[in-house]
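Structure at a glance
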Amino acid sequence: MLQRWIVFVSFLVLSVLTESPLWAAEPTAKIHGIMINADHMFRDNEKELVELEGNIQLVYQGQHIKADKAIVSLRSRQVELYGNVEIMDAKNTIAGDQIFLDYENNTGLIYNGYVQSGPISFSGELLQKTGESEFIVSSADYTACTNCPATWSFSGSTIRAELGGYAYIKNAVLRLGHVPFFWLPYLIVPLKSDRQSGLLTPGFELSDKGGIAISQPYFWAISRSTDATIELKDYTKRGLKGLVEYRYLLSENSSGTLNFGTIFDKAFAEDDRLNLYRLPEDKNDPLERWFLRYEHYYEMPDGIIHRGQLNLASDLQYPKDFPNETMNHGDSAMENRMSFTKNTLDQHYSVDTSYYVNMLQGNPLSGNEDAVHRIPELRFSQTQENIGDTNFIYSVNVSYVNFTRSGQAYDDMTEQMIGGNKLRFPKNTCNDPKWQDNPGCKRIYDGSFDPAVDQIRTGQRLDVMPALYYPIKFGDGLDVIPMVSYRETHYGFNVDEDQYLARRYLRTELGARTNLSRIYGDTVNSKATRYKHEIIPEVVYSRLPWVSQDDSPFFGRGSISDAPYTARDSITDLDIASDYGVQFDYYDRVYDRNLVTLALINKITEKRWIGDRPEYRQVGYLKLAQSYDGTQENKVGVKEPWSDVTATLDVRLDRFQTYSIFNYFPYQNVTNASSRVRLLNDMGQFFQVQLTRQYKITPGQAVNTSDRQEDYTFSAGFTSRFINLMGKFVYDANWAESTTQDKVKSWAYIAQFKPPGDCMMITFIHDQVTGGDTNFKLNFEFTFDGNPKPALPPEALDSYGF
């Protein structure tokens, strides 16, 4: 009996020496670098095990672990976790019913659990953690939605995922809510916000002429500074189309974009717009159509800037059929331009070339022989600078332009009276001013240049204009600037008989202006919002005391004073038949032989404080101006000395904006207008009304009010948590005189639906351009990286329904 007690006591002493108590009274400890906290803790030093139970919290190398029960093996550096298990670090959260974790290598198994990284979530029956951010999930679900149930998710037999990389899903099934939508045998989705190559969401379109179209874009991350989007679009009526958009970034401020597309268009092959001008054997044959659009901006060393713009298409109807590709539907020409410019503090240098594609032709496959290009155009400008230490200021402007085209150097013209108006138009077999709309009409070239009628289209122009100023200030309120300038312009023409013309004149000018101002607002509080109202009256008198020019119809068929000042910016097709002369552009005219211009400017400037920093902005601007042309008093016949009254209004308030230009012509008693008024709020909701009204003004002639463009554009936008809506339509106030007699010329609306979860955007775009096709687009944008797609800005409407 005594021996038994000795053995028991010895065993008890050995236990005390080798083990901690079964249930320790102190629940917090730090063992092998692990912070441990639990309701109950038992440690076996021989086996190097720690058993924990109740409100367990473990902290090790940035990981915070919670569980109901845990067994920590200090020897193998592993832990078994049971019940409401959660492992958190700075980026991820892992949870499950059971987790076996190798906390040293950060690998393990998760049963009936999930992984959460931001809004990205994986869940499954068994998750294998194979690395720091790598997982293999069986019977898995993946989503980037924050709501439950998720708006969309992908389920798969297996998902191999790398957070910050990609997820590879086998037997992927897209579910919208709980409903299966479609199946893919294999799917790769990005799990990072960085640029990466991969398929983008397919797009869907529907149009009358193209039918149903399904597009599949592919994004190619070529390098850190270049990428491309390659897209295949299949039209049921047109055929298969290939599209490429290539983008590059040369520096922080230098970049470029190249767009190209091509299609063998079956629908266009049967279009009367084309077949009316085709040979019988070519009708209804599919035609390859393409477009090329390129924009480039490059800041070079020494302050040189290189700009490039290309816009070309296979046929003249392409911009009407695909307006969102060429982006120039309704323009009279497609402009292609390349330039180099250099600006210093006081000088400007530029080399410019402009190539134009004439869009005003009936035949879609017409050549471009009659388009006039500027190749090259050279400019030098010396900005106003003092002469030494004197108050004299000088400036110099020099320009050279070569006007060229591939066709004849001049146009053979004919002149007739039609409808009481004198018209001059190219000679043609139909003797019709609208001959280009008739497939049976052809141009006539007689091979002989008649300077009295024919129109010179090519040649060179060298223009030099130095100027001298002497500003004078009277007191604090009156500024007077006298100026004298000399201008010399030389012309050389590429006609059969070499022609050379020159014009020289001396121009004097006296300008005076004053400034009356007043401050409104709280003048006591230094950080109060204040407004400064300025009234600036201005008068400028200019005169040409001496003019010398060669006698030529190029400068007009009357005296030099025939063109009134009103005609300075209203050159139209009617000018071809006028006596004022216009060959290249309005620089070839003289308007200010004896001219007085009166102007009154109102400006309101706001000063407000953003924290401790003052911010200034011009919230209101109004300018009224009119000129009096003294040379008109000596004109024989109709006199129009007063120019149009010009009003420019620019208001930029937080919730109200308008920019409007009005031109009132007193002798024709009509007003041309371009006005936009917008109401908006902080939520991005807006309402806008825009007016465009243009009459054809010919000095000395009454206006045909039925021959005008008058459009009203109504736009509105609404934004909310789950839906964005915006739309516009253009109402033709002169629809009865239009060829189509459509009251609504064009329209567009955009609807964006944002389901709960911030992980998806559904965009509907429905529009019709003027004289074009109705088009419907549907796009699904899934957010795979957890960054919600931003809503389209109100400016997106400008790309549709124009």
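Above this text sits the structure in question.
Here is what the cut-offs are and how they apply
- Residues numbered from 1 in each chain as written.
- Predicted model: local features only at pLDDT ≥ 70, side-chain atom pairs only at ≥ 80, totals over all residues.
- Heavy atoms only, no water.
- Helix = DSSP H or I, 4+ residues; strand = E, 2+ residues; numbered from the N terminus.
- Contact = heavy atoms within 4.5 Å.
- Core = buried A, V, L, I, M, F, W, Y, C linked by side-chain atoms within 4.5 Å.
- Buried < 20%, exposed > 50% of the residue type's maximum accessible area, 1.4 Å probe, protein only.
- Disulfide = S-S within 2.5 Å.
- Salt bridge = Lys/Arg side-chain N within 4 Å of Asp/Glu carboxyl O.
- Pairing = 2+ DSSP bridges.
- Phe/Tyr/Trp six-rings, centres within 6.5 Å; stacked < 30°, edge-to-face > 60°.
- Lys NZ or Arg CZ within 6 Å of the ring centre and 35° of its normal.
- Patch = residues over 30% accessible without salt bridge, like charges linked within 9 Å, V, L, I, M, F, W, Y side chains within 5 Å.
- Areas by Shrake-Rupley, 256 points an atom, 1.4 Å probe, with all protein chains shown as cover.
- Polar contact = N/O pair within 3.5 Å; in protein donor to acceptor, adjacent residues only side chain to side chain.

Moving on, we come to the side chain of Thr713. Along the polypeptide, Thr713 turns up in strand β42 (residues 708-719). Residues in contact with Thr713, not counting those within four places in the same chain, are Gln688, Val689, Gln690, Lys728, Phe729 and Val730.

Let us look at the nonpolar core. Leu52, Phe122, Tyr142 and Trp152 are the most contacted members of the largest nonpolar core, which totals 53 residues. For this core, the leading source of residues is strand β4 (residues 49-60), giving five residues. In contact with Tyr142, other than residues within four places in its own chain, are Ile120, Ser121, Phe122, Trp152, Ser153, Phe154, Ile159, Ile169, Val189, Pro190, Leu191 and Phe784. By size, the runner-up hydrophobic cluster in this structure holds 13 residues, among which are Val372, Val401, Phe403 and Ile456.

The subject of this paragraph is the state of the cysteines. The final tally for this structure, using the stated rule, is two disulfides. Note that Cys145 is cross-linked by a disulfide to Cys759, the S-S spacing being 1.9 Å. Given an S-S torsion of about 80 degrees, the disulfide between Cys145 and Cys759 has right-handed geometry. One end of the pair, Cys145, is in the loop between β10 (134-143) and β11 (152-162); the other, Cys759, is in the loop between β44 (744-753) and β45 (760-768), and 614 residues separate them in sequence.

Let's shift gears to the pattern of salt bridges. One pass over the structure, following the stated rule, counts 42 salt bridges. Lys427 is the partner of Asp446 in a salt bridge, and the nearest nitrogen-oxygen pair spans 2.9 Å. Residue Asp446 is found in the loop between β28 (421-426) and β29 (455-456), and its partner Lys427 is found in the loop between β28 and β29; the two are separated by 19 residues along the sequence. Exposure remark for Lys427: the relative accessible area of 26% places this residue in the partly exposed category. Overlapping salt bridges, with partners in common, bring together Arg238, Asp265, Asp271, Arg273, Arg289, Asp315 and Asp321 in one network.

Bringing the pairing of β10 into the picture now. Bridge analysis of strand β9 (residues 120-129) against β10 gives seven bridges, and the strand direction is antiparallel. If you follow Ser123 over to β10, its bridge partner there is Asp141. Hairpin connection from β9 to β10: four residues lie between these consecutive antiparallel strands. In terms of strand pairing, β10 meets β11 through eight bridges, oriented antiparallel. Looking at β11, one finds that Ile136 is bridged to Arg160.

Glycine aside, residues mostly have negative phi, and peptide bonds are mostly found in the trans state. The omega torsion of the bond from Cys148 to Pro149 falls at 0 degrees, within 30 degrees of zero and hence cis. The residue Pro149 is located in the loop between β10 and β11 in this model. Ile375 connects to Pro376 through a cis peptide bond whose omega is -10 degrees. Structurally, the position occupied by Pro376 is in strand β24 (residues 373-386). Positive phi, normally seen in glycine, also occurs at Arg77, with a value near 60 degrees. Relative to the assigned elements, Arg77 resides in the loop between β5 (63-73) and β6 (78-88). Even without a glycine there, the phi angle at Asn106 is positive, about 60 degrees.

Now for the packing of aromatic side chains. The final tally for this structure, using the stated rule, is 29 aromatic pairs. Plain terms: the ring middles of Tyr60 and Tyr103 are 5.0 Å apart, the flat faces sit at 75 degrees to each other, and that makes the pair edge-to-face. Here Tyr60, found in strand β4, pairs with Tyr103, found in the loop between β7 (93-102) and β8 (107-117); they are 43 residues apart in sequence, far enough to count as distant. Across the pair, Tyr103 and Tyr60 agree in class, each one buried. On the numbers, 5.0 Å between centres and 65 degrees between planes, the contact of Tyr410 with Phe449 is edge-to-face. Linking Tyr410 in strand β26 (residues 410-411) with Phe449 in the loop between β28 and β29, this pair joins segments that are 39 residues apart in sequence. Of the two residues examined, Tyr410 and Phe449, each falls in the buried class. Aromatic ring contacts, followed pair by pair, group Phe403, Tyr491, Phe493, Phe554, Phe555 and Phe584 into a single cluster. Positioned above the aromatic ring of Phe268 is the side chain of Arg289, whose terminal nitrogen or guanidinium carbon lies 3.7 Å from the ring centre. Above the ring of Trp609, the side-chain terminus of Lys527 is found at 5.6 Å from the ring centroid.

Judged by side-chain polarity, Ile387, Phe392, Leu468, Tyr470, Ile472, Phe474, Leu478 and Val484 come together as a nonpolar surface patch covering roughly 620 Å² of accessible area. At the level of elements, β31 (472-474) and β32 (478-493) are the ones that each hand at least two residues to the nonpolar patch. Following the sequence through the fold, Ile472 ends up in strand β31. The class of Ile472 is partly exposed, set by a relative accessible area of 32%.

Its place among the elements puts Arg405 in the loop between β25 (393-404) and β26. Look at Arg405 and you get buried, because its relative accessible area is 9%. From its side chain, Arg405 meets the backbone oxygen of Asp370 in a polar contact 2.9 Å long. At 2.6 Å, the side chain of Arg405 forms a polar contact with the backbone oxygen of Gln408. Not counting the four nearest positions on each side in its chain, Arg405 is found in contact with Glu369, Asp370, Ala371, Val372, His373, Tyr410, Asp411, Arg457 and Thr458.

Glancing now at the environment of Arg160. Within the secondary structure, Arg160 sits in strand β11. A residue is classified by how much of its surface remains accessible, and Arg160, at 45% relative accessible area, is partly exposed. Sequence separation between Arg160 and Arg518 is 358 residues; the distance between their C-alpha atoms is 70 Å. Setting aside residues no more than four positions away along its own chain, Arg160 makes contact with Phe135, Ile136, Tyr166, Ala167 and Tyr168.

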